[in-house]
Amino acid sequence: MNKKVAFFVDGGYFMSRVKFYYRKYYSTSGVELTPKHVVELLYSLIRNHQENIHRDELYRIYYYDAPPYSEQMREPVPREPGQGLSTKSFKNSPNTIFQLELHDLLKNRRKLALRMGKLSNAKDWILKQDIQKQLLSGKIQVADLKPDHFKLDVKQKGVDTRIGIDIATLTLSKFADAIVLFASDADFVPAAKLARTHGVDVMLDPLYGNVDQELNLHVDGKKSFDIVSVLSRIMGVIPNPRPAWWVER
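Within each chain, residues carry numbers counting from 1 in the order of the written sequence. Only residues with pLDDT of at least 70 are given local features in this predicted model, and only at 80 or more are side-chain atom pairs given and counted; all residues enter the totals for whole chains, interfaces and linings. To get the side-chain values, take all heavy atoms of the structure and skip hydrogens and water.

A. Representation of the sheet that holds strand 1 (residues 5-10) in the model. With parallel pairing, 6 strands are arranged side by side in an open sheet as 5-2-1-8-9-10. Both outer strands of the open sheet, strand 5 (112-116) and strand 10 (221-222), are each paired with one neighbouring strand and no more. Sheet analysis places strand 1 next to strand 2 (residues 58-65), joined by 6 bridges and oriented parallel. Note that in strand 2 the partner of Asp10 across the bridge is Tyr64. When checking whether two residues touch, look at their non-hydrogen atoms; a contact exists if any pair is within 4.5 Å. Each axis is a line fitted through C-alpha atoms, taken for helices only over the stretch in contact, and angles between the N-to-C directions span 0 to 180 degrees. Helix and strand definitions here come from DSSP, where helices need a minimum of 4 consecutive H or I residues and strands a minimum of 2 consecutive E residues; each element is numbered from the N-terminal end. Sheet strands touched by helix 2 (residues 35-53): strand 1, strand 2, strand 5, strand 8 (178-182) and strand 9 (201-205). Its angle to strand 1, the strand with the most contacts, is close to 140°. When DSSP finds two or more bridges between a pair of strands, those strands are recorded as paired.

B. Summary view of the pairing of strand 2. Here's how the labels work: a residue is buried when its accessible area is under 20% of the maximum for its type, exposed when over 50%, partly exposed in between, all with a 1.4 Å probe on protein chains only. The buried fraction of strand 2 amounts to 7 of the 8 residues, a majority that puts the element mostly inside the structure. With 5 bridges connecting them, strand 2 and strand 5 associate as parallel partners. Bridge pairing in strand 5 links Tyr64 to Arg115.

C. Representation of helix 5 (residues 159-173) in the model. The span you would expect from a helix comes to 1.5 Å times its residue count less one. A rise of 1.5 Å per residue sets the reference length of helix 5, with its 15 residues, at 21 Å; its end C-alpha atoms lie 21 Å apart and thus fit the reference within 8%. Every buried residue belonging to helix 5 is among Val159, Ile163, Asp166, Ile167, Ala168, Leu170 and Thr171, and all of these are buried. If you follow the buried residues of helix 5, they end up packed against strand 1, strand 2, strand 5, strand 7 (150-157), strand 8 and helix 6 (189-197).

D. A look at a positive patch on the surface. Exposure above 30% relative accessible area and the absence of a salt bridge qualify a residue for a patch, where like charges join within 9 Å and nonpolar side chains (Val, Leu, Ile, Met, Phe, Trp, Tyr) within 5 Å. Surface accessibility in these figures is a Shrake-Rupley result with a 1.4 Å probe; residues are shielded only by whichever protein chains are displayed. The salt bridge definition used is simple: a Lys or Arg side-chain nitrogen within 4 Å of an Asp or Glu carboxyl oxygen. Within this scheme the basic residues Lys and Arg register as positive and the acidic residues Asp and Glu register as negative, but His and the chain ends are omitted. Where a charge lies is defined by one atom per residue type, namely NZ (Lys), CZ (Arg), CG (Asp) and CD (Glu). Residues Arg23, Lys88, Lys128 and Lys151 make up a contiguous surface patch of positive charge. Inspection of the secondary structure assignment puts Lys151 in strand 7.

E. A look at unusual backbone geometry. The peptide bond linking Asn240 to Pro241 adopts the cis configuration, its omega dihedral lying at 5°. One non-glycine residue, Leu207, lies in the positive phi region at around 55°. You can see Leu207 is positioned in the loop between strand 9 and helix 7 (213-217). Residue Leu207 is classed as buried on the basis of its relative accessible area, which comes to 1%.

F. Broad picture of the packing of helix 2 against helix 8 (residues 227-235). Taken N-terminus to C-terminus, the directions of helix 2 and helix 8 make an angle of 130°; their axes are 10 Å apart at the nearest point. For the element pair helix 2 / helix 8, the angle class is oblique. As helix 2 runs across helix 8, the sense of the crossing is right-handed. Facing helix 2, whose interface residues are His37, Glu40, Leu41 and Ser44, helix 8 presents Ile227, Val230, Leu231, Arg233, Ile234 and Met235. The classification used treats Ala, Val, Leu, Ile, Met, Phe, Trp, Tyr, Cys and Pro as nonpolar, Asp, Glu, Lys and Arg as charged, and all other residues, Gly among them, as polar. Tallied by class, residues from the contact of helix 2 with helix 8 come to 6 nonpolar, 2 polar and 2 charged. Orientation labels follow simple angle bins: below 35 degrees gives roughly parallel, above 145 gives roughly antiparallel, 65 to 115 gives roughly perpendicular, and whatever is left gives oblique. Note on convention: the crossing is left-handed when the near helix lies turned anticlockwise from the far helix by less than a right angle, right-handed when the turn is clockwise.

See below:
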């Protein structure tokens, strides 16, 4: 088997973790997180993993995502008391533009395969986490809710299946002897078990997120790196608030 490493990135999960760290430590920095920052962060983490498992040769990076939602959706609550529900267009929303630019950047990277799934027809408005907390604590009432307090929850289809198929193909064809999976849920257990059964070293990077216990049992190791420091270097700003472990570089 080739002494190479392949990377499998659940794009939706990856971006949720990156945005979590950005919101927590850099949202007041005045520096916007850009698709270029995300790509640079991804490659920085990949280099760290290659050093960690002593694999200089990269087979390929597989990045899995789905197109952004770019249609229209009726908002969940009126913008003003007594008004009817308005319709929101997502075609030119910042998130749509960000995701399309990110996909374009990834498409042009050498040894990176962008695997695209689809969006589910089921779509629901859900309260943003901070608004939920305010509502439960009594700081705001149901009557105070505005459209901006909600976000549209759109599920991806076919992403997990594509990851599983690609891991199986790589394993059975002996294209690499090590893989690193950026993910956290149990949908990837069958693929991880197959790879390990055929002698592939399976490393999991949950980006310090919560990992399903079953997935934990079927990998050869788990390793995450300091995303806060990498973002600081890439964006040229100091985190605020600074983590308790932060040491000035």
